[in-house]
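Chains, contacts and geometry: an overview
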Amino acid sequence: MSQRPPSSLEPQQRAAELLREMTVTEKAMQLSAVMPLSVLDVDGGLLSGLRRDLANGIGHVSGIGMVGNRSPAKIAASVNAVQHHLVTQSRLGIPAIFHNEALNGVVAPGFTVFPTPIGLAATWDPDAIEEMAAVIGRQMRGVGLLQALAPVSDVARDARWGRVHETYGEDPYLVTAMTLAFTRGIQGPRLGERVLATAKHFLGYAMTDAGQNMATTAVGARELYEVYARPFEAAIREAGLASVMNSYSDIDGVPVAISHEILTDLLRDRLGFQGTVVSDYSTVAFLHNRQGVADSAADAGLLALAAGLDIELPSVVGYGTALAEAVERGALRENDLDRSVLRVLRDKFALGLFERPYVDDDPIVLTELASEGAELSARLARESVTLLKNDGAILPLARQGRVAVIGPHAEGVLVGFPGYTYPAAVELMRGMSAATPSDSETVGNMAGVDFTAGGVDKDLGEAVAALAAEVAEVLSVDLDEYVTDRYSASSLADAIRHIAPRSEVTVARGTGVVAAEPTDIDAAVAAAADADVIVVALGGRGGWFGGAVTEGEGSDTADIDLPAPQVELIDALARLGKPMIGVFSMGRPLGLSHVIDLLDAVLVGFYGGPQHGRALAEALFGVINPGGKLPYSIPRHSGQIPIHSGQHRGSGYRRTPEDLHKGYLDMPATPLYAFGDGLSYTSFAYSELRLLSDAVTTDGVAEFSIDVTNTGHRTGTEIVQLYLEQTARGVTRPAQELIGFARIDLDVQQSATVRFSVAMSQLVYVGFDGDLVVEPGEKTARAGGSSVGLPSHVTFEVTGPPVAFERRQTFLAQTEVTFADDSPTLPPALAPASHTENSEG
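The structure presented is a predicted model; accordingly, all values stated were derived computationally and were not measured. (Residues numbered from 1 in each chain as written. Predicted model: local features only at pLDDT ≥ 70, side-chain atom pairs only at ≥ 80, totals over all residues. Heavy atoms only, no water.)

Remarks on the overall build of the protein
Helices and strands together make up the secondary structure of the protein, namely 23 helices and 31 strands. Within the span of the protein, comprising 841 residues, buried residues form 64% of the whole. Within the protein, contacts between residues at least 6 apart in sequence are counted, and of these 79% link residues at least 24 apart. Surface exposure of the protein reaches about 29,400 Å², of which carbon and sulfur atoms provide 48%. (Helix = DSSP H or I, 4+ residues; strand = E, 2+ residues; numbered from the N terminus. Buried < 20%, exposed > 50% of the residue type's maximum accessible area, 1.4 Å probe, protein only. Contact = heavy atoms within 4.5 Å. Areas by Shrake-Rupley, 256 points an atom, 1.4 Å probe, with all protein chains shown as cover.)

This is the structure in structure tokens:
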């Protein structure tokens with residue numbers, strides 16, 4: 001083992017010193033990865049027959065928590081085994097980075113699961129998201145997983161796309177706030193204490209042709225930068241984002257993975273990124289066999305590396321020895337290889353891997369660490385619950401009487417665990433294993449072993465067989481019981497029984513989530529016949545790659561409506577003439593137009609993890625007061641897609657009085673529910689919005705303040721939202737843009753003053769000549785509890801010459817909340833709060 005560069009040097013200097021000692025093959029292997037099954041034996045040690053494959057080191061080990069049933073302690077022991085081999089047996093002793101999925105918790109058995117990211121966005125609570133990410137970062141560090149393949153920073157504006165639930169929604173400001181919070185939390189004050197964040201999928205991945213995963217991204221350069229790049233740039237400049245993952249899609253005909261324009265000119269030169277770019281899984285292979293832009297996998301690797309893609313995941317297809325051979329035959333300059341290797345080595349030094357390659361694998365310590373955050377998960381689930389309709393103030397329900405809980409999610413506990421949670425990974429394993437869950441070839445393929453090539457090593461075959469048995473053990477359990485026991489998950493019906501023990505609760509499924517599942521609507525109607533109120537537990541099911549799901553990766557839909565059997569169920573129950581409350585579980589927006597008029601109230605839960613059912617039950621019976629707000633628009637019809645609050649002036653539902661075309665012939669152009677919508681069991685009133693600045697110049701700051709008062713009869717949470725209207729010379733702008741928000745909790749009759757400081761540099765846009773500018777002129781700021789019907793506004797003039805910026809300097813407004821000690825009477829000039837009425841109609 002070579003002598004390591006002194007720790008007194010900066011990571012970049014240490015990396016440069018080490019790089020000088022490396023052979024071309026050792027360098028190439030640092031840009032490569034291996035699946036864990038390829039190197040670990042039955043007991044978690046190194047496969048004797050494959051030790052030689054790590055003789056030149058390896059950059060990454062992929063997704064060790066995703067397959068099988070490895071406890072936190074077993075993960076740590078496996079990490080230590082690989083690191084020990086690399087440190088003691090490879091020539092240079094360079095440890096590997098182990099990465100894992102971690103959107104809303106470490107995707108591995110035994111770790112805390114938090115609400116899915118769209119649910120996190122519905123909280124509008126960046127502080128809590130940063131706290132959550134810090135927990136995840138500590139848990140990953142504790143078991144030796146030092147790179148999180150999260151957050152998903154895609155701005156999602158197409159409800160057909162199956163991966164909306166992985167995102168923070170449709171608005172670039174909200175997505176930016178959440179991305180910043182997650183990145184700061186998981187990376188911590190220094191990388192030596194936490195882990196690398198990997199923002200994905202760069203760029204425009206959520207806005208593809210027809211809403212289909214991996215399809216072409218058809219977005220112009222101006223929108224690509226202003227909307228889709230903004231969260232990434234904020235994380236880069238404000239939080240030191242360490243890593244980025246590419247989009248599978250192509251932009252202007254060039255796959256992002258081989259686009260120098262996107263991965264270097266935009267990401268590095270314009271956005272200032274200095275970290276490492278990792279490939280989404282199988283990207284390099286897809287360049288050859290899916291998109292057909294390379295003659296071979298090796299050719300695809302050369303194209304990707306030249307564009308700026310540093311590391312190939314999850315295993316070697318076009319990197320590894322293929323890159324070394326390309327250098328030897330003169331097809332690749334060694335300096336170009338060095339550029340990416342230097343970044344990987346710098347990250348390893350910054351993480352402290354050379355000083356601390358091993359972790360404590362004590363089962364008691366790691367089990368306790370992995371279970372941290374359960375109370376925070378429950379709090380986030382509660383904060384995310386969103387009330388969209390409450391006619392006649394039917395909610396909250398009294399904790400007595402006869403309640404019928406009807407629908408496919410009435411007694412289900414898995415609904416809170418969509419794709420990118422471990423229970424969903426078990427479902428994925430079930431689907432891939434099909435009728436033979438213990439078949440070694442099936443499980444080997446899941447773990448990255450190519451049986452079609454033949455000649456599988458004997459001890460590798462034994463490892464595959466052992467893993468197959470491990471998988472079979474997991475697949476043999478009742479998954480409902482598994483999540484109830486391991487995560488303390490509860491169904492909606494059980495939570496209602498617990499909260500309202502004096503109520504008589506009857507339950508019937510009625511129908512499945514999707515049409516292929518059994519239905520018995522007559523039995524459901526009979527079960528509800530004597531009820532005082534009907535709670536219908538409906539909605540979607542998130543998962544992976546098809547099956548009995550409504551959304552997830554590889555699970556897009558042309559029709560976003562609530563599945564037909566569920567609509568039939570509501571129609572049948574409505575004929576009973578009883579009060580009916582819709583409780584919908586969803587990730588992406590579901591079309592509710594066919595049922596909305598049949599429901600007296602609507603609550604939405606966004607796949608809230610283990611506490612999904614409890615949080616919804618608590619909201620139904622007033623244990624909590626719903627305070628969530630929609631992180632996206634809910635269309636009336638699939639034909640409106642894409643529809644979002646940032647539509648440009650004169651476009652979509654942002655029409656002006658001068659427009660000859662007002663929308664559709666067959667329905668309003670507005671969404672059924674707008675971005676930022678959400679009701680409460682109390683009411684809030686807003687003062688007029690005040691401009692505090694004497695003058696606002698193009699290089700200055702606009703200060704606003706507004707008073708908000710809880711005018712109802714119970715404590716509640718309000719999300720105060722600030723929007724801006726502005727026009728630009730030669731360029732159409734969004735009719736309004738979110739430029740600030742504040743989450744405030746108010747007691748009965750309590751008031752708070754919210755102050756927003758908005759730097760004009762936050763409002764920059766790409767002007768007519770292509771420069772990043774702020775221009776003088778009249779602007780209007782509006783405030784309220786939703787993106788529509790904003791009750792308070794102020795119009796002001798921005799003066800001074802146009803100001804051009806080399807880069808975006810400010811991303812978020814500064815917010816300050818001051819609470820009144822006692823406010824028994826309303827402040828003067830109070831306006832009614834619009835969010836007590838939804839945008840339906």
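Structural notes on the sheet that holds strand 16 (residues 580-585)
The six strands lie next to each other as 10-17-16-13-11-12, forming an open sheet whose pairing is mixed. What marks the edges here is a single partner per strand, and that holds for strand 10 (386-390) and strand 12 (502-508). The average angle at which neighbouring strand axes cross in this sheet is 20°, direction not considered. Pairing of strand 13 (residues 533-539) with strand 16, which is carried by six bridges, proceeds in the parallel orientation. (Pairing = 2+ DSSP bridges. Axes fitted to C-alpha atoms, helices over the stretch in contact; angles between N-to-C directions.)

Things to note about unusual backbone geometry
Looking along the chain, the bond that leaves Lys200 and enters His201 is cis, with omega of 5°. The residue His201 is located in strand 5 (residues 196-202) in this model. Following Ile641, the chain continues to Pro642 via a peptide bond in cis, the omega torsion being 0°. Note that Pro642 resides in the loop between helix 23 (612-620) and strand 18 (684-686).

Things to note about the sheet that holds strand 26 (residues 772-774)
Spatial strand order, 25-26-29: three strands in an open sheet with antiparallel pairing. One side of each edge strand has no neighbouring strand; the edge strands of this open sheet are strand 25 (765-766) and strand 29 (803-805). The sheet contact formed by strand 26 and strand 29 spans three bridges and is antiparallel. The residue bridging Val774 from the neighbouring strand is Val803, located in strand 29.

Details of the confidence of the model for the protein
Overall, the predicted model of the protein reaches an average pLDDT of 91, with 89% of residues at or above 70. Taken together, the stretch residues 448-456 has pLDDT below 50 and engages in 14 contacts with residues farther than four places along the chain or on a different chain. (pLDDT = per-residue confidence, 0-100.)

Some remarks on helix 8 (residues 230-239)
Of all ten residues in helix 8, eight are buried, a share of seventy percent or more. Among the residues of helix 8, those classed as buried are Arg230, Pro231, Phe232, Glu233, Ala234, Ala235, Ile236 and Ala239. The elements touched by buried residues of helix 8 are helix 6 (172-187), strand 5, helix 7 (221-228), strand 6 (243-246), helix 9 (260-270) and strand 23 (737-746). After helix 8 finishes, the residue Gly240 shows a positive phi value of roughly 65°.

Here's the deal with the environment of Leu772
Inspection of the secondary structure assignment puts Leu772 in strand 26. Residue Leu772 is classed as buried on the basis of its relative accessible area of 5%. Linking Leu772 and Phe805, residues 33 residues apart in sequence, is a C-alpha distance of 5.4 Å. Setting aside residues up to four positions removed in sequence, Leu772 forms contacts with Tyr225, Val764, Tyr765, Val766, Val803, Ala804, Phe805, Arg807 and Arg808.

Focus: the packing of aromatic side chains
The description of an aromatic ring pair uses the distance of the two centres, along with the angle that the planes make with each other. Under the definition given, this model contains 14 aromatic pairs. Between Tyr422 and Tyr482, the aromatic rings sit 6.4 Å apart at their centres with planes inclined by 50°, giving tilted as the arrangement. Linking Tyr422 in helix 16 (residues 422-433) with Tyr482 in helix 19 (residues 479-487), this pair joins segments that are 60 residues apart in sequence. Each member of the pair, Tyr422 together with Tyr482, is buried. Taken together, the ring pairs in this structure connect Trp124, Tyr173, Phe675 and Phe741 into an aromatic cluster. (Phe/Tyr/Trp six-rings, centres within 6.5 Å; stacked < 30°, edge-to-face > 60°.)

Regarding the pattern of salt bridges
If you walk through the whole model with that rule in mind, you get 34 salt bridges. Linking Arg190 and Glu193 is a salt bridge whose minimum nitrogen-to-oxygen distance equals 3.9 Å. Classification of Arg190 by relative accessible area gives partly exposed; the value is 47%. Arg743 is paired through a salt bridge with Glu383; the nearest N and O atoms lie 3.9 Å apart. Here Glu383 lies in helix 15 (residues 374-384) and Arg743 lies in strand 23, a separation of 360 residues in the sequence. (Salt bridge = Lys/Arg side-chain N within 4 Å of Asp/Glu carboxyl O.)

Quick look at helix 7
Since there are 3.6 residues in each turn of an α-helix, residues three or four apart along the chain are aligned in direction. Buried residues of helix 7: Leu224, Tyr225, Glu226, Val227 and Tyr228, and no others. The secondary structure elements touched by the buried residues of helix 7 are helix 6, helix 8, strand 7 (250-251), helix 9, strand 25 and strand 26.

Remarks on the pairing of strand 6
Side chains Ser243 and Met245 of strand 6 all project onto a buried face; the interleaved residues Val244 and Asn246 project onto the opposite face, where all are buried too. Here strand 5 pairs with strand 6 via four bridges, running parallel. Note on strand 6: the bridge partner recorded for Lys200 is Met245. By the bridge criterion, three bridges tie strand 6 to strand 9 (residues 276-278) in an arrangement that is parallel. For Met245, the partnering residue across the bridge sits in strand 9 and is Val278.

Re the nonpolar core
By size, the foremost hydrophobic cluster in this structure holds 177 residues, and its most contacted members are Phe202 and Phe704. If sequence neighbours within four positions are ignored, Phe704 has contacts with Leu689, Arg690, Leu691, Leu692, Leu722, Val754, Arg755, Phe756, Val758, Ala781, Val794 and Phe796. Grouped together as the second largest cluster of nonpolar side chains are 43 residues, Tyr248, Ala404, Ala531 and Met580 included. (Core = buried A, V, L, I, M, F, W, Y, C linked by side-chain atoms within 4.5 Å.)

Comments concerning the side chain of Glu618
As for its position among the elements, Glu618 is in helix 23. A relative accessible area of 10% means that Glu618 is categorised as buried. Those residues in contact with Glu618 that lie beyond four places of it in its chain are Arg382, Ile499, Val623 and Ile624.

Quick word on the environment of Asp158
Relative to the assigned elements, Asp158 resides in the loop between strand 4 (145-148) and helix 6. A relative accessible area of 2% places Asp158 in the buried class. In this structure, the C-alpha to C-alpha distance between Asp158 and Ala210, residues 52 residues apart in sequence, is 8.4 Å. Excluding residues within four positions of it along the chain, Asp158 makes contact with Val164, Ala206, Met207, Thr208, Ala210, Gly211 and Ile641. Within the local environment of Asp158, its side chain forms a polar contact with the side chain of Arg160, the two groups lying 2.7 Å apart. (Polar contact = N/O pair within 3.5 Å; in protein donor to acceptor, adjacent residues only side chain to side chain.)

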